Amino acid sequence: MNFLMNLEKILGIRKKGVRSIAFAVAFFAVILSMGLAFICLFVISGFQKEYQKSILAFNAHIVLFSEQGRGEEKKVREAIEHINLQTQNAMITDVSPFAVSEAVILDSSGLKACILKAIDPQKLKNVYALELNILDGREDLSHSLLLGSELAYQISKNEIKMIIPQGASLTDLKRSIQTIPLAGIFKSGIYEFDSRFALTSFEMLKKLTGVFKITGYEIALQDPLGAPRVAKLLEENLPGMRAISWDELNSSLFKAMQMEKSVFFIVVTLIFFVAAFNLLGATAMSVYLCRYEISLLYSLGVSKLKLQRSFGLTGFLFGITSCLMGWLIAFLMLKLEDYYGWIKLDPKIYFISTLPMDFGPKLFGVGLIFGSLICFLFALGVAKNLIQEKYIINYIK
Amino acid sequence: MIELINIKKIYKDNERECEALKGLSFKLDRGEKIAVVGPSGAGKSTLLHLMGGLDRPSAGQMFFEGKNLFSLSDKELSKYRNKTVGFIFQFHNLLSEFSALDNVSLPLLIGGESKRESVKKAQGMLERVGLGSLAHSKPNTLSGGEQQRVAIARALVGRPSLVLADEPTGNLDTANSEKVFDLLLDLNQEINMTLVVVTHNLSLTTRLERIIRLSDGKLAS
Ligand SMILES: Nc1ncnc2c1ncn2[C@@H]1O[C@H](COP(=O)(O)OP(=O)(O)OP(=O)(O)O)[C@@H](O)[C@H]1O
Ligand SMILES: [Mg+2]
């Protein structure tokens, strides 16, 4: 290693002129492409995280669908206890029944379809991670309802006129219009949920519809990532009932995101490779400019492999520095965007309104290792091809 | 001590094939002083490159003190070049950005000797070739003869047992050629090395013990 550094010094002498320009061009290309790659990675993984977080705020980790609609609660609780014993570290932390019903909101601007979801108000904080904004003195949900923030924004009244179409015949539709006080609003961050859902209590739902069935049970877990496994256990322990984990429930969204991620990855990798090809040229040029030094050192007893590796090392150092700088550029640009918020997203399309970002150390590590490895291999490959006896002896005659 | 058996070398580039050596066999004893002569294109340089482990032959074997040279690995062959062989070329001998002293200590540094030890030996060797006072000069400030003496110092500083010189006096005037040649022979006496010199200068060949004549890749007696 010691001599390898000396070798660097000897071969590094010809840094002037063409060689430094070639390397500077390659350097810029790799920095920019790495910056681009990191921006894409950070934003996509930001989207993924943000969606995951928002989905988990409104959806329980597992939804267990009821078979009969009532009288199953004891059975469910027993199964959960059993699973918790089986999995040692009490994976299931909470369970709460829910019922949904379609509803129409009457407003001066017209009719709005919404989904009325009845839950146990006591569990609001345990099972859901929603942002709540509740009006003073209306904490009790048994006579009122919570509207999704987007829905509330469209209506902006303290009282809601609502029809539950279910069971009502056309003639008494008018009679079934009910006025319900608003308790407040909730926000999950996902437009789909915030614009379509209203939350209330079972008592309220009963008052509105007469009889209702339990749709299912929402289950909270210690670790959301364990959901598919626990869902399987639940189905095994409760024959006839269907358990769907949060990722399965939103699988089309996650699949689309994964797809998007793969496409971006391919595009960005191609861009990076185009940039890294500059390094091939620069290394080839550098080998050419150092041809006398290389052949002289070879004749004095430096092995071919050592000479080749010294160029590989140059490529590696080149890769690390340019990747680090690319990361820095990506980081700074995204931080500036975060601060000034130039890019506005349409929440109806993206569900969220600001560009999400995730500077995870994992992404950074993967990018850095990948980038510097490719640069190392490229430089080494060129050196291996050009530093050969048949070329070397031509320069020392 | 050195034995070449049926050495062939074929150069191939872009469909053109050139058979530079066509089955060469001879022996050298330790300490022998040999001149290699022959017309241009006879394969003299090719032969020297093979003997020095710079390149590998297309066919044939060479034994150096019983070792089969071309069965050695890249690493072992580079060690052979570093410790056993000293090369002197006609051109492109010295690293122009380094001082004479640095140039001479290079083989020792490559061989893994400490910086201090290398510099000490290199200084001694430069004094031996009469350039002690010019140790810190850059090669391009030295005359052609001086440069070639630095190259000789570098080739001999590691006390190699085989010295290969490819037209070492090719671009020197008669007086300087004599001087460089004297030096080479004196050092040959001191170190007891085998000396192989390619030269066109017939008056110099008379001062060597044996002459190998090459013609069209073959021995011509
Ligand atoms: N790298 C090479 N590629 C192709 N042919 C080569 C190569 N090196 C040498 N040759 C050919 O091999 C033959 C021998 O070349 P070599 O350099 O050994 O001759 P030489 O005896 O040293 O001549 P000179 O006295 O002019 O230096 C020549 O015909 C030359 O054209
Ligand atoms: Mg020649």
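Residues numbered from 1 in each chain as written. Chains lettered and ligands numbered in written order. Predicted model: local features only at pLDDT ≥ 70, side-chain atom pairs only at ≥ 80, totals over all residues. Heavy atoms only, no water.

**Topic: the overall build of chain A**
So, point 1. For chain A, the count of helices and strands is 15 helices and 10 strands.
So, point 2. Taken over the C-alpha trace, chain A has a radius of gyration of 31 Å; the compact-globule value for 397 residues is 21 Å, which it surpasses by more than 25%.
So, point 3. By the burial criterion, 50% of the 397 residues in chain A qualify as buried.
So, point 4. For chain A, the share of sequence-separated contacts (at least 6 apart) that also reach a separation of at least 24 residues comes to 81%.
So, point 5. A total of about 20,100 Å² of accessible surface is found on chain A, and carbon and sulfur atoms cover 62% of it.
So, point 6. Between the averaged position of the 41 positive side-chain charges in chain A and that of its 34 negative side-chain charges there is a distance of 12 Å. (Helix = DSSP H or I, 4+ residues; strand = E, 2+ residues; numbered from the N terminus. Rg over C-alpha atoms; globule rule 2.2 N^0.38 Å. Buried < 20%, exposed > 50% of the residue type's maximum accessible area, 1.4 Å probe, protein only. Contact = heavy atoms within 4.5 Å. Areas by Shrake-Rupley, 256 points an atom, 1.4 Å probe, with all protein chains shown as cover. Lys, Arg positive; Asp, Glu negative; His and termini not counted. Charge placed at Lys NZ, Arg CZ, Asp CG, Glu CD.)

**Points about a positive patch on the surface**
So, point 1. A contiguous patch of positive charge, built from Lys306(A), Arg309(A), Lys384(A), Lys67(B), Lys75(B), Lys79(B) and Lys83(B), is present on the exposed surface.
So, point 2. For the positive patch, the elements supplying multiple residues, two or more each, are α12 (304-340) of chain A together with α2 (74-84) of chain B.
So, point 3. If one sorts the elements of the positive patch by residue count, α2(B) sits on top with three residues.
So, point 4. Assignment of secondary structure puts Lys75(B) in helix α2. (Patch = residues over 30% accessible without salt bridge, like charges linked within 9 Å, V, L, I, M, F, W, Y side chains within 5 Å. Salt bridge = Lys/Arg side-chain N within 4 Å of Asp/Glu carboxyl O.)

**Notes on the sheet that holds strand β4 (residues 59-64) of chain B**
Residue and element names in this part refer to chain B.
So, point 1. Strand order in the open sheet formed by four strands is β2-β1-β4-β5, and the pairing between neighbours is antiparallel. Of all the strands in the sheet, the pair left with one neighbour each is β2 (16-28) and β5 (67-68).
So, point 2. Two strands pair when backbone bridges link them, and strand β1 (residues 2-13) and β4 are joined in this way by five bridges, in the antiparallel orientation. Note that in β4 the partner of Ile5 across the bridge is Gln61.
So, point 3. Helix α1 (residues 44-51) rests against β1, β2 and β4 of the sheet, and its axis sits at about 60 degrees to β2. (Pairing = 2+ DSSP bridges. Axes fitted to C-alpha atoms, helices over the stretch in contact; angles between N-to-C directions.)

**Examining the sheet that holds strand β8 (residues 194-198) of chain B**
Residues and elements named next belong to chain B.
So, point 1. Ordered by their spatial adjacency, six strands build an open sheet running β6-β7-β8-β3-β9-β10, and the pairing between neighbours is mixed. A single partner strand is all that each edge strand has here, and the edge strands are β6 (85-88) and β10 (218-219).
So, point 2. Two strands pair when backbone bridges link them, and strand β7 (residues 162-166) and β8 are joined in this way by five bridges, in the parallel orientation. Paired with Asp166 across the bridge in β8 is Val198.
So, point 3. Docked against the sheet, α1 engages β3 (33-37), β6, β7, β8 and β9 (210-215), running at close to 155 degrees with respect to β7.
So, point 4. Here helix α6 (residues 174-191) sits on the sheet in contact with β3, β6 and β8, set at roughly 160 degrees to β8.

**Structural notes on unusual backbone geometry**
Residues and elements named next belong to chain B.
So, point 1. For Glu15, which is not a glycine, the phi torsion comes out positive at approximately 75 degrees.
So, point 2. Looking at the element boundaries, Glu15 is found in the loop between β1 and β2.
So, point 3. What makes Glu15 exposed here is its relative accessible area of 86%.
So, point 4. A positive phi angle, close to 45 degrees, is found at Glu167, a residue other than glycine.
So, point 5. Within the secondary structure, Glu167 is located in the loop between β7 and α6.

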